[in-house]
Amino acid sequence: MGVTKIGVLTSGGDSPGMNAAIRAVVRSAMFYKLEVVGVYKGYKGLVNADFVPMNSKSVSKIINLGGTILQTSRCMEFMTPEGRKQAYENMKKEGIDALVVIGGDGSFRGAKALFEEFGVPVVGIPATIDNDIFGTDFTIGFDTAINTAIDAIDKIRDTAMSHNNIFFVEVMGRHSGAIALSTGMATGAEVTLIPEVEQDIDSLCNYLKIERRKNKTSGIIVVAEGSPLGSAEEVAAKVKERIPEYDTRISILGHIQRGGSPSCNDRVLASLLGYDAVCALLDGKKGVMIGQVNNKTAYVPLSDACSKHNPIDKSIYEITKILSV
Ligand code: F6P
């Protein structure tokens, strides 16, 4: 029997554009005469049968909103076999015969388990500000997050220049340097520290001293939260210890990077992936994530999407260094 009733949920850290993706899933399903049930708070809502019927109206005027109207969570119970069994029973009782999971790699591990253990047709949509998901050039939310970050760093630059400060600005990304890499290049940061490139504190300090000799009296150092040299606070302390005359400041951008109205790119990406996800289920595809590679739809096995990572483009790192002299 084909798909008749789709469940849709958002899981893990929220990202701008999740609402646009929910809207696209609901409206595409309506177009193809399918029923849709929203699941509140990610997998927690599956375990607790926290469902809401959705229609075209339920998703009107949300395309421009950050966050997720369905809310999200990181659910421990769903990580246990008992929790997943309960989730599956609740889905069956509700008549949900396919599921769209909007989230990151952790969310896809849950989706893969539902697919493998119970045969539920599941399709994933990559949404995380970290842009670290294998099989897609971009994840929903990344574009908005980097634009939020560059807006903040441009402002920090103004005050850094006025006071001759060296600013250590920490951006999010967990184990990925993608946010740092793009914001570092886009703000003309003097240095960008990312997890994917080994750096040592002495070379960093030597570089800063050379910069100073060239009469650069202020600077921005973008620190990815997964930087091997430590957090922005730790790197700043190490630099201050070695070059006490520097007037260092720290700014941790934090969760502002996860909020706000999604950019045009994120709204468009979310809309296309949401539509493609429903079409994929109707075509009988299951256990896949829908991504985009070179602007074309890509179908990626969930097992790859949740175990591999999207490598960063190291040439961006090298070119940023060349341009920041
Ligand atoms: O995965 C998205 C993300 O914002 C990461 O960049 C960050 O490391 C993490 O989530 C923070 O999560 P939480 O809000 O649960 O601390």
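Here, every reference points to the structure presented above.
Residues numbered from 1 in each chain as written. Predicted model: local features only at pLDDT ≥ 70, side-chain atom pairs only at ≥ 80, totals over all residues. Heavy atoms only, no water.

A. Geometry of the side chain of D143. Residue placement: D143 occurs in helix 5 (residues 142-163). It turns out D143 is buried and unbridged, and the closest side chain with the opposite charge, R267, is 9.3 Å from it. Of the polar contacts made by the side chain of D143, one reaches the side chain of S263; its length is 2.6 Å. (Helix = DSSP H or I, 4+ residues; strand = E, 2+ residues; numbered from the N terminus. Buried < 20%, exposed > 50% of the residue type's maximum accessible area, 1.4 Å probe, protein only. Lys, Arg positive; Asp, Glu negative; His and termini not counted. Salt bridge = Lys/Arg side-chain N within 4 Å of Asp/Glu carboxyl O. Polar contact = N/O pair within 3.5 Å; in protein donor to acceptor, adjacent residues only side chain to side chain.)

B. Structural detail: the layout of surface pockets. Put simply, the largest pocket is a space of about 650 Å³. Viewed by domain, the lining of the largest pocket spans two of them, domain 1 (5-141 + 262-307) and domain 2 (143-258), each represented by three or more residues. (1 Å grid on protein atoms, 1.4 Å probe; cavity = no way out; pocket = protein on both sides within 12 Å on 5 of 7 lines; lining within 4 Å. Points joined across faces, edges and corners; volume = space filled by probe spheres on them. Domains from an automatic or database assignment.)

C. Spatial organisation of the pattern of salt bridges. Per the counting criterion, the structure on display carries 13 salt bridges. Among the ionic pairs, R84 bridges to E117, the shortest N-O distance being 2.9 Å. Of this pair, R84 sits in helix 3 (residues 81-94) while E117 sits in helix 4 (residues 105-118), and the two are 33 residues apart along the sequence. Relative accessible area serves as the criterion here: at 12%, R84 is assigned to the buried category. One salt bridge in this structure joins D304 and K308, with 3.5 Å as the shortest N-O distance. With relative accessibility at 22%, the residue D304 sits in the partly exposed group.

D. Just the packing of helix 1 (residues 18-31) against helix 9 (residues 264-282), in detail. The N-to-C vectors of helix 1 and helix 9 enclose an angle of 35°; their axes lie 7 Å apart at closest approach. Here the hand of the crossing between helix 1 and helix 9 comes out right-handed. Contact residues: helix 1 offers A20, A21, A24, V25, S28 and A29, while helix 9 offers R267, A270, S271, G274, Y275 and V278. In terms of residue class, the contact of helix 1 with helix 9 is made up of eight nonpolar, three polar and one charged. (Axes fitted to C-alpha atoms, helices over the stretch in contact; angles between N-to-C directions. Left-handed = near helix turned anticlockwise from the far one by under 90°. Contact = heavy atoms within 4.5 Å. Nonpolar A, V, L, I, M, F, W, Y, C, P; charged D, E, K, R; others polar.)

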